[in-house]
Each structure stands twice: as C-alpha cells, then as structure tokens.
Amino acid sequence: MKEKEQVNSSKGHGRTLVMKFGGTSVGSSSAIRQAAQIVHAEQPHWQNLVVVVSAMSGVTDSLIACARESVTGSEQTCQEMIADLQYNHGMVLNDLLLGSADRNVAQQEIKELFAMLRSLCSGIHIMGELTPRGLDAVASLGERINARLFSAVLEQEGISSQEVDATDLIVTDDGFQHACPLMGETRSRTLEVMQPLLEQHRVAVVTGFIGATQDGVITTLGRGGSDYTAAILGDCLNADAVWTWTDVDGVMTADPRIVPDARVIPFLSYNEVSEMAYFGAKVLHPKTIRPVVERGIPLWVKNTFNPSHPGTCINGNAPSHDGRITAITAIRGLSLITVEGRGMIGVPGIAARTFSAVARHDASVLMISQSSSEQSICFVIPSEVEKEVVHAIEDEMALELTRHDIDRVWAQPNVVIVTAIGSGMRNTPGVSARLFGALGKENINVIAIAQGSSEYSISVVVDVTDADQAVQQIHQEVIINGSSK
Ligand code: ADP
Ligand code: ASP
Ligand code: MG
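Report follows, based on the coordinates.

Thresholds applied
- Residues numbered from 1 in each chain as written.
- Chains lettered and ligands numbered in written order.
- Predicted model: local features only at pLDDT ≥ 70, side-chain atom pairs only at ≥ 80, totals over all residues.
- Heavy atoms only, no water.
- Phe/Tyr/Trp six-rings, centres within 6.5 Å; stacked < 30°, edge-to-face > 60°.
- Helix = DSSP H or I, 4+ residues; strand = E, 2+ residues; numbered from the N terminus.
- Buried < 20%, exposed > 50% of the residue type's maximum accessible area, 1.4 Å probe, protein only.
- Salt bridge = Lys/Arg side-chain N within 4 Å of Asp/Glu carboxyl O.
- Axes fitted to C-alpha atoms, helices over the stretch in contact; angles between N-to-C directions.
- Parallel < 35°, antiparallel > 145°, perpendicular 65-115°, else oblique.
- Contact = heavy atoms within 4.5 Å.

1. A few points about the packing of aromatic side chains
Thought 1: A full pass over the atoms with the stated rule returns 6 aromatic pairs.
Thought 2: With a centroid separation of 6.1 Å and an interplanar angle of 90°, the aromatic rings of tryptophan 46 and tryptophan 243 are classed as edge-to-face. Pair noted here: tryptophan 46 is in the loop between helix 2 (29-42) and strand 2 (48-53) and tryptophan 243 is in strand 8 (residues 241-246), with a separation of 197 residues, a long-range link. Taken individually, tryptophan 46 and tryptophan 243 each receive the classification buried, so the pair is uniform in this respect.
Thought 3: When the ring of tryptophan 243 is compared with that of tryptophan 245, the centres are 6.1 Å apart and the planes differ by 65°; the resulting orientation is edge-to-face. Per residue, the accessibility class of tryptophan 243 equals that of tryptophan 245, and both read buried.
Thought 4: Through a chain of ring-to-ring contacts, the aromatic side chains of Phe21, Trp46, Phe150, Trp243 and Trp245 assemble into a single cluster.

Written out as structure tokens, the structure reads:
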C-alpha cells in the first residue's frame, strides 16, 4: 500500500501501469494515433506497461446487431452489415499503417477474424438460434480486431509490443454475457503469459471485455467490461496504478450529456465511485472497483483528447466531502414491481418468497423499498424481465392471491432510479431534505425512495419523463448551489 501511495499522483512513476483505452479513444484513426502517443509518452517511465483496448466505439453494438439479424432477419443484410464493418476497419488500417512493415500481417489477421464473424453468423442463421454463447463469440470480435490493429500501430511508432488475447489470461465461469473471472486461475495464467513479455520490455496490448471458460469457450464480462479487464489485470500483476482513458475529463458530478455544467471530481473514494457505477454512471463498469480496492491500487480516469487534464483519482483515502453530495446518477430502462395486499401484514416469509421467485429468473433487483405498514413491497428490475418476474411472483403467491391476502402484483414500466451519492452524507442530517426540496420545487413526483444502508446514497424512483429534469434540478440545488454555501 505504501509503495502505491507514491504513485497516487498520475505524474509519479512506478513499476507497473495498466492503461485502458475505451471505444471512443480507439474509435478512429486520429483517436488511435492520439492513444498511441499517450503510450509513447508513458512508456519510458514504467518498467512494465500493459494496454487494454476496447472495440472501436459502436462496433460491439454492430456485432450484436449482426448476430440478431442472422437469426431473425435476412442473411444477406447480415453479410452487408459485416462488409460495412470490414470496410470501416480497413479504412482505419490503411490510414494508420500505410507503408508499415506490419501492415500485411495485421491485415491478414483482421481478415481472418472477419472470416470467423461470417461463419459464426452463417452458423447462427442455419441453426435459427442465437445462444448466449454464440452471442459472446460474435461480440468478442471487436476487441480482438482492435488489439491487433493497436499493437501494429505501436510497433510502427517504434514501441515493441505484442497483442494478447484475454482469452489466454482471464478464466471465467460460463455465465455468458456477464461472466465472472475465476481469480486464482486468472492470476496464474496472467503471470505465466505476461511475465516473459514484460521482461522483454514489450508493451502488452490486451483485448478488453472478454475471457474464456476453463475449456476455452469465449465469454464476455458484460457491456462496458473493458474497465473491469484493466482492473483484473491490475490486481493480477499487482500494478502500481490503473488508468482508464475515456472521452471526458474524469468522473463528473453528473452525466455531462444530461447536465452540461457538470464538474470533474478530482478525488473520489472507492466506495463513492462504486456506488456511482452501480447506480448508472457509465464512465466505469460497476465491477471495476473490487479488484483494485483489494490491493489498494489507485485508479485514474483521464481524457484521451485532453491528456494534460489531471482527471479523477480514485483511492481508499479520498477526503470526505463534509455533508456534500458528490454526484447524481440515473439508471434507465427499469420497471417498478409492486406486491400489495392488506393480508400481507405480519405474514412472515412474503418478502423472502417474492425475492426467491425473482432470483429464479436471474433478474437483478436494483432497489427495494417496503412500506412500514407492510402492505406493499416495491422493487425495481430491468424492464426486459418485467413480464417473467410478474408471472413468477403470481405463480409463487397463487394461494395468497386466491385468498386476497395479496391483492395484486403489478408493474409500472418506464421508471428511472435517480441517485444522489456522497460519503459526506453519512451522519449528516438534512441531506434528504435538500434533495426532496429540489424535486418539490419542480413538482416532480417521487414514486419510491430508498437509502443505501451504507449511507453513501439516497435513491428516488421517478417516471422517465421526469428523469432528466430530476437529475438537473438536484444537481443545481444540491451540488452547484450547495457548494457555494
Ligand atoms: P469508454 O468507451 O471510454 O469506456 P463510456 O462511453 O463507456 O466510455 O463512458 C464514458 C461516458 O460516460 C462519457 O462520455 C459520459 O457521457 C458518460 N457518463 C455518464 N455519467 C458520467 C459521469 N458521472 N462522469 C463522467 N462521465 C459520465
Ligand atoms: N466493447 C465493449 C462494449 O461496447 C466493452 C467496452 O467498451 O468496455 O460493451
Ligand atoms: Mg466504458
């Protein structure tokens, strides 16, 4: 820990740095050039440098669309979509590697990956079925293509580098689309593959987002999972720091697309940023924090397109923001499920049975709120599982519904969880009053409320039509006006 505190400044240099470049940071020729320059500038300062790359922005979405088109649409449309993707990658390759000795090798490897995409999509079309496993094989290709491209660009810049498929490093369970790494095996594989490379002072360019099961079947770690890849590798290599390079100046007080005057937060604790990521701040994947917390590795979020900005430093000893709310987040695409009935009062086990019915559908419950009279339980789930979840609870409670102990189980779609986060709100009275005051001023209807037991956050559920205004209003009243008090 002591050693790592010395590199708490992103200017400090140490032994091992893991840097991750997100989709927009490697999403065009000029972005890739800029990212390569960043690697060039940092490389002399570190003994070991590991780079994690995402697919070019939009490519994972396009790959998933190709797979879906193969199963439900026309094969020809799918092949045209693939041709477009290949053309776009070819343009970037030509632009970046013209005249490079590595061009032909990279071009050939990328061609083979596109051939694999074509045959995967034909297979899906013939079978008429898209399994989670098939979807992961297709979705993995964006990172696999880009790692080859990025490594060739580094070589061209005179940086000795080697692309590494994370399928050789990160061993996961078979939870396709949101696989969990098996850390013991991942650690030994990572050390085995990476140590010889790093000893030769080569920059390893690793595919973000993907891993493989013990049997070598490709998995993905969840959308936006390249941040998680960087943190996993940081843990396995006991890195001095992990830097994620993105398209904004750091973690901000709100999503800058919704709140244009959101500010960069210079320092954040692991707890605060975990809560922010969990409650929808897309800037970091929610699972990124755990591997770095366990080793006390500082995590920096920086802007590829404004590298002189210091960014946000996340570590274990960020100052508490004395009663202040640090950030406002929102998660969309949700439904609020309510189980209600006067006969529920005092009946033990209703909540347990409700949530085990939900769990059988593998639905994650993002927020729970129970009225103190026990006449209803409300919880929020992703809308795509709404129907299954309502049916599962109705089945589980069939007897209670017939007896009218439970009156109904119903879903309210199109809701958003808006969360105010800040370690400073712990033991600070009045925080919720300010938050509800802000909503009240604009007549925004609050559908449900929950406070995290950690007291790092308060969440409200609002209708989707009120969501942006709720975020803007709380940001204005509680963060902008609050900081000038
Ligand atoms: P990358 O591809 O680099 O991983 P993402 O698109 O996944 O980038 O995440 C960065 C985006 O997250 C930003 O462009 C911004 O719009 C969005 N975002 C949402 N909430 C926040 C926040 N609180 N702070 C910074 N960015 C945020
Ligand atoms: N390319 C993947 C995605 O779009 C992973 C990432 O960008 O982090 O979800
Ligand atoms: Mg991301």
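2. Things to note about the pattern of salt bridges
Thought 1: Under the definition given, this model contains 19 salt bridges.
Thought 2: With a closest N to O distance of 3.2 Å, glutamate 294 and arginine 290 form a salt bridge. With a gap of 4 residues between them, glutamate 294 and arginine 290 both fall in helix 11 (residues 289-295), about one helical turn apart. There is no split in this pair, since glutamate 294 and arginine 290 are both exposed.
Thought 3: Among the charged side chains, a network of salt bridges with common partners joins Glu109, Arg144, Arg148, Glu163 and Asp165.

3. Focus on the packing of helix 5 (residues 103-127) against helix 7 (residues 141-156)
Thought 1: One way to put it is that helix 5 packs onto helix 7 with a least axis distance of 9 Å and a crossing angle of 175°. Classed by the angle they form, the pair helix 5 and helix 7 counts as roughly antiparallel. On the side of helix 5, the interface is formed by Ala106, Glu109, Ile110, Leu113, Phe114, Met116, Leu117 and Leu120, while helix 7 contributes Leu141, Arg144, Ile145, Arg148, Leu149 and Ala152.

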